[in-house]
Amino acid sequence: MREDDRTIDELIEIAETITPHTGLSAGLDAIRGSARESGIALEVDLQGMLVGLEIDDRALALGPDRLAAEITRLTGEAGMESLQQGVVAIQAGCGAEVAAAMVEYLNSVEEEPDEPEPASRPEPAWEDAEVTGTTMERRDW
């Protein structure tokens, strides 16, 4: 078997040129992962974007913090389900080698680093000159 030296980006470009008659693109767009618990039912698409959310009285009784935490947790579970379905679709449409390369790439992607803290504003520097204003007055110290 020949080793494939193409990069993931090259394989993605090739995948984008596959003619629509294969149905792979439509199939990937239709993939949904779902999760349900504690009065919350939700669906996400293949990218993990929330596309459906139902909340009943049990979920509302959790309070805002626990409700948000449950939605976040369930979204992660549904996202994993949709990714698994996506791998199966890629394997069926493009072959096991492409699917394996995709899984290897997904496993190698590290989380993006947190945003750096914004720089704090410097304290204003007062000169030794007289400062006056409508609400305060400062004279040489």
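It should be emphasised that the depicted structure is a prediction, and the values quoted were computed from it without experimental measurement. (Residues numbered from 1 in each chain as written. Predicted model: local features only at pLDDT ≥ 70, side-chain atom pairs only at ≥ 80, totals over all residues. Heavy atoms only, no water.)

**Thoughts on the overall build of the protein chain**
Of the regular secondary structure elements, the protein chain holds 5 helices and 5 strands. In the protein chain, which comprises 141 residues, the share counted as buried stands at 20%. When contacts within the protein chain are restricted to residue pairs at least 6 apart in sequence, those whose partners lie at least 24 apart make up 44%. Counting only carbon and sulfur atoms, one obtains 53% of the accessible surface of the protein chain, whose full area is about 11400 Å². (Helix = DSSP H or I, 4+ residues; strand = E, 2+ residues; numbered from the N terminus. Buried < 20%, exposed > 50% of the residue type's maximum accessible area, 1.4 Å probe, protein only. Contact = heavy atoms within 4.5 Å. Areas by Shrake-Rupley, 256 points an atom, 1.4 Å probe, with all protein chains shown as cover.)

**Regarding the pairing of strand 1 (residues 32-37)**
Bridge count between strand 1 and strand 2 (residues 40-45): 6 bridges; the pairing is antiparallel. Pairing of Glu37 across the sheet is with Ile40, part of strand 2. Connecting the antiparallel pair strand 1 and strand 2 is a turn made up of 2 residues, with Ser38 showing a positive phi of about 55°. (Pairing = 2+ DSSP bridges.)

**What about the pattern of salt bridges?**
Counted by the stated rule, this structure contains 4 salt bridges. Here Glu37 and Arg73 are joined by a salt bridge, their closest N and O atoms 3.2 Å apart. Within this pair, whereas Glu37 is found in strand 1, its partner Arg73 is found in helix 4 (residues 64-94), the two being separated by 36 residues in sequence. Of the charged contacts in the structure, one is a salt bridge between Arg58 and Asp56, with a shortest N-O distance of 3.5 Å. Residue Arg58 is classed as exposed on the basis of its relative accessible area of 56%. Given a relative accessible area of 30%, Asp56 falls into the partly exposed group. Ionic contacts of the salt-bridge type, sharing partners, join the residues Glu37, Glu70, Arg73 and Glu77 into one network. (Salt bridge = Lys/Arg side-chain N within 4 Å of Asp/Glu carboxyl O.)

**Brief notes about unusual backbone geometry**
Keep in mind that most residues, glycine aside, have a negative phi and that most peptide bonds are trans. Positive phi values are uncommon outside glycine, yet Ser38 reaches one of about 55°. Inspection of the secondary structure assignment puts Ser38 in the loop between strand 1 and strand 2.

**Notes on the sheet that holds strand 2**
As summarised here, the arrangement of the 3 strands in space is 1-2-3, forming an open sheet in which the pairing is antiparallel. The two strands at the open ends of the sheet, each matched to only one other strand, are strand 1 and strand 3 (50-55). With strand direction ignored, the average angle separating the axes of adjacent strands in the sheet is 10°. Two elements, strand 2 and strand 3, share 5 bridges in a ladder whose sense is antiparallel. Note on strand 3: the bridge partner recorded for Leu42 is Leu53. Packed on one face of the sheet, helix 4 meets strand 1, strand 2 and strand 3 and runs near 145° to strand 1. (Axes fitted to C-alpha atoms, helices over the stretch in contact; angles between N-to-C directions.)

**Some points on a nonpolar patch on the surface**
On the surface, Met80, Leu83, Tyr105, Leu106 and Val109 cluster together to form a nonpolar patch covering roughly 440 Å² of accessible area. Put simply, the parts of the chain that give the nonpolar patch at least two residues each are helix 4 and helix 5 (96-108). If you trace the backbone, Leu83 turns up in helix 4. (Patch = residues over 30% accessible without salt bridge, like charges linked within 9 Å, V, L, I, M, F, W, Y side chains within 5 Å.)

From the geometry alone we can't say anything about function, so treat these as descriptive.
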